[in-house]
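If you want the building blocks of each chain, they are given just below.
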Amino acid sequence: MADASDDTPAVVIDGLTKRYGRTLALDAVSFDVKRGELFALLGPNGAGKTTMLHILCTILQADSGTARINGIDIRKDPLGARLNIGVVFQEPSLDDRLTVLENLNFHGLVYGVPASARRSRIDEMLAVVELTEWRDRLVRTLSSGMKRRLEIARALVHDSRLLFLDEPTVGLDAQSRDRMWRYIHQLRSERGLTVVVTTHYIEEVETCDRVCIIDHGKILAIDSPGILKSQYGQELLRIAPRDEAAAAEIVAAYPDRIVRDGGEIVLTSDGDAFAEALFSKFGSRIKRLAVEEPSLESVFLSLTGRELRDQAANARDVTYAFGKRGGEHTK
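In this text the structure is predicted, and so the values were computed from the model without any measurement. (Residues numbered from 1 in each chain as written. Predicted model: local features only at pLDDT ≥ 70, side-chain atom pairs only at ≥ 80, totals over all residues. Heavy atoms only, no water.)

S.K.: Can you walk me through the pairing of strand S2 (residues 23-33) in this structure?
M.R.: Residues in a regular strand project their side chains so that they alternate between the two faces of the sheet. Relative to S2, strand S1 (residues 11-20) runs antiparallel, the two sharing seven bridges. For Leu 16, the partnering residue across the bridge sits in S2 and is Val 29. Hairpin connection, S1 to S2: the antiparallel pair is bridged by two residues, and Gly 21 has positive phi, about 65 degrees. (Pairing = 2+ DSSP bridges. Helix = DSSP H or I, 4+ residues; strand = E, 2+ residues; numbered from the N terminus.)

S.K.: What is the right way to look at the side chain of Ser 160 in this model?
M.R.: Along the chain, Ser 160 falls in the loop between helix H5 (144-156) and strand S7 (162-166). Residue class for Ser 160 comes out buried when judged on its relative accessible area of 0%. Polar side-chain contacts of Ser 160 include one of 3.0 Å to the backbone oxygen of Ala 155. (Buried < 20%, exposed > 50% of the residue type's maximum accessible area, 1.4 Å probe, protein only. Polar contact = N/O pair within 3.5 Å; in protein donor to acceptor, adjacent residues only side chain to side chain.)

S.K.: Help me understand helix H9 (residues 272-282) in this model?
M.R.: Working note: α-helix, 3.6 residues per turn, so residues spaced by three or four point in the same direction. Three or more residues of H9 are buried, namely Phe 274, Ala 275, Leu 278, Phe 279 and Phe 282. The buried residues of H9 occupy an angular sector of 130 degrees when the element is viewed end-on, so they sit on one face. Among the exposed residues of H9, those oriented more than 90 degrees off its buried face are Ala 273, Ser 280 and Lys 281. Where H9 is buried, its residues contact strand S11 (235-241), helix H8 (244-253), strand S13 (265-269) and strand S14 (286-292). (Arc of directions from axis to C-beta. Contact = heavy atoms within 4.5 Å.)

S.K.: What exactly am I supposed to notice about unusual backbone geometry here?
M.R.: Trans peptide bonds make up most of the peptide bonds, and negative phi angles are found at most residues other than glycine. Despite not being glycine, Glu 167 shows a phi value in the positive range, around 45 degrees. By secondary structure assignment, the location of Glu 167 is in the loop between S7 and helix H6 (174-191).

S.K.: I'm lost on the sheet that holds strand S3 (residues 38-42) in this one. Help?
M.R.: If you trace the six strands from one edge of the open sheet to the other, you get S6-S7-S8-S3-S9-S10, paired in mixed fashion. Either end of the sheet is taken by a strand with one partner, and the two such strands are strand S6 (85-88) and strand S10 (218-223). Between one strand and the next, the sheet's axes are offset by a mean angle of 15 degrees, whatever the strand orientation. Where strand S9 (residues 210-215) lies against S10, five bridges are found, and the strand directions are antiparallel. Counted as the bridge partner of Asp 215 is Lys 218 from S10. Contacts from helix H1 (residues 49-56) reach S3, S6, S7, strand S8 (194-199) and S9, with the element oriented near 145 degrees to S7. Against the sheet, H5 contacts S6 and S7, and its axis sits at roughly 165 degrees relative to S6. (Axes fitted to C-alpha atoms, helices over the stretch in contact; angles between N-to-C directions.)

S.K.: I tried to follow the sheet that holds strand S4 (residues 64-69) on my own but got confused; where do I start?
M.R.: Backbone-to-backbone hydrogen bonds join strands into a sheet, with any given pair of strands oriented parallel or antiparallel. One open sheet accounts for four strands, arranged S2-S1-S4-S5; its pairing is antiparallel. Sheet topology places S2 and strand S5 (72-73) at the edges, where each strand pairs with a single neighbour. Strand direction decides the pairing type here: S1 and S4, joined by five bridges, are antiparallel. Paired with Thr 17 across the strands is Ser 64, a residue of S4. Sitting on the sheet, H1 is in contact with S1, S2 and S4, with an inclination near 120 degrees to S1.

S.K.: Help me out: how do you make sense of the layout of surface pockets in this one?
M.R.: Taking a probe equal in size to a water molecule and rolling it over the atoms shows the remaining empty space. By volume, the largest pocket amounts to about 430 Å³. Val 87, Phe 89, His 107, Val 110 and Tyr 111 are the residues nearest the centre of the largest pocket, which is lined by 17 residues in total. Elements with a contribution of two residues or more to the lining of the largest pocket: helix H2 (78-83), S6, helix H3 (100-110) and H5. For the lining of the largest pocket, the leading source of residues is H3, giving four residues. Tallied by class, the residues present in the lining of the largest pocket amount to eleven nonpolar, four polar and two charged. Counted as a void, the second largest pocket has a volume near 200 Å³. Looking at the lining of the second largest pocket, the elements that each hand over two or more residues are S4 and H2. If you tally residues by element for the lining of the second largest pocket, the top one is S4, at three residues. (1 Å grid on protein atoms, 1.4 Å probe; cavity = no way out; pocket = protein on both sides within 12 Å on 5 of 7 lines; lining within 4 Å. Points joined across faces, edges and corners; volume = space filled by probe spheres on them. Nonpolar A, V, L, I, M, F, W, Y, C, P; charged D, E, K, R; others polar.)

S.K.: Can you help me understand the nonpolar core in this one?
M.R.: When a protein is soluble and globular, its nonpolar side chains tend to lie buried together. Of all hydrophobic cores here, the largest spans 43 residues; its most connected members are Leu 42, Leu 150, Ile 152, Leu 165, Val 211 and Leu 296. No other element matches H5, which puts six residues into this core. Non-local contacts of Leu 42, meaning those with residues more than four positions away in its chain, are made with Lys 49, Thr 199, His 200, Tyr 201, Ile 202, Val 205, Val 211, Cys 212, Ile 213, Ile 214, Leu 296 and Leu 308. (Core = buried A, V, L, I, M, F, W, Y, C linked by side-chain atoms within 4.5 Å.)

S.K.: It is not clear to me how the environment of Lys 34 should be interpreted in this structure. Could you clarify?
M.R.: Note on placement: Lys 34 falls in the loop between S2 and S3. For the pair Lys 34 and Ala 10, spaced 24 residues apart in sequence, the C-alpha to C-alpha distance is 5.6 Å.

S.K.: What is the right way to read the pairing of S3 from this model?
M.R.: Burial runs high along S3: five of the five residues are buried. Neither face of S3 is left uncovered, since the one carrying Leu 38, Ala 40 and Leu 42 and the one carrying Phe 39 and Leu 41 both have all their residues buried. Bridging between S3 and S8 involves five bridges; their strand directions are parallel. Bridge assignment links Phe 39 to a residue of S8, and that residue is Val 196. Sheet topology note: the S3/S9 ladder contains four bridges and is parallel. Bridge pairing links Phe 39 to Arg 210 in S9.

In structure tokens, the structure reads:
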């Protein structure tokens, strides 16, 4: 482990650039991650998130720029940097022919963890991720959620203090995702971990200390979720019209507010007055109308002109916006 002072950032990135042929995956990216911080990289698939993590993990080499892990230059001392990090990759990387215990033990051997310390750390991590009773099971017999938990345990067997998680909950059901984040928060609290996570799930970054919004290899904004929403967030109206004719009329009436025009129409809103005016004009032509309060999804929309994902987040029934008009708003 590096002997870095407490005020030294866990990660420092300065001007990282990476190309794949003509595609610019990272465009002179610069930021740092504070020690003990829960830091999220938020962006759509192809934004450059995984490329950045692979460079920080020394799997890829940047075309230009520098990066330091706990003060260690990853280009000059990649092995030293690796000793300081634990990684959960987007794609499964466990050996499913081995048992849970064998996977953890092999990882500890690779990192040179002494036998006595290896045994105690394996026991500790299995207990944290609630896999102790499965320690002798073949990995191929575990569920997807259990495999992800095992990967977190493996990433910390060598006592790393910096954990990289690349889309750790992709493919998991809602219960497994919630459980995964519970482990992450618990480990961060108990071990003083610095956690860097990439995701395109909005709800997963609401509890992060800071969020870095990235698209097309560029950093668009970095701050706490609350500040990002206050600076860039927009209120959105999500409308389900009764038929195609109604949809066409609504789209034609608000061409400058259209975010999406499909089975569901999404408009930017200025607040209750605009929504009331819209409902007054088209109420009989609307099957359902919901108001979405400023969210990180709308932050991304404000910064890029498009939505991060198709799935709506943080929507509330329009009745709450116009309580005085009651149930008229859902027909």
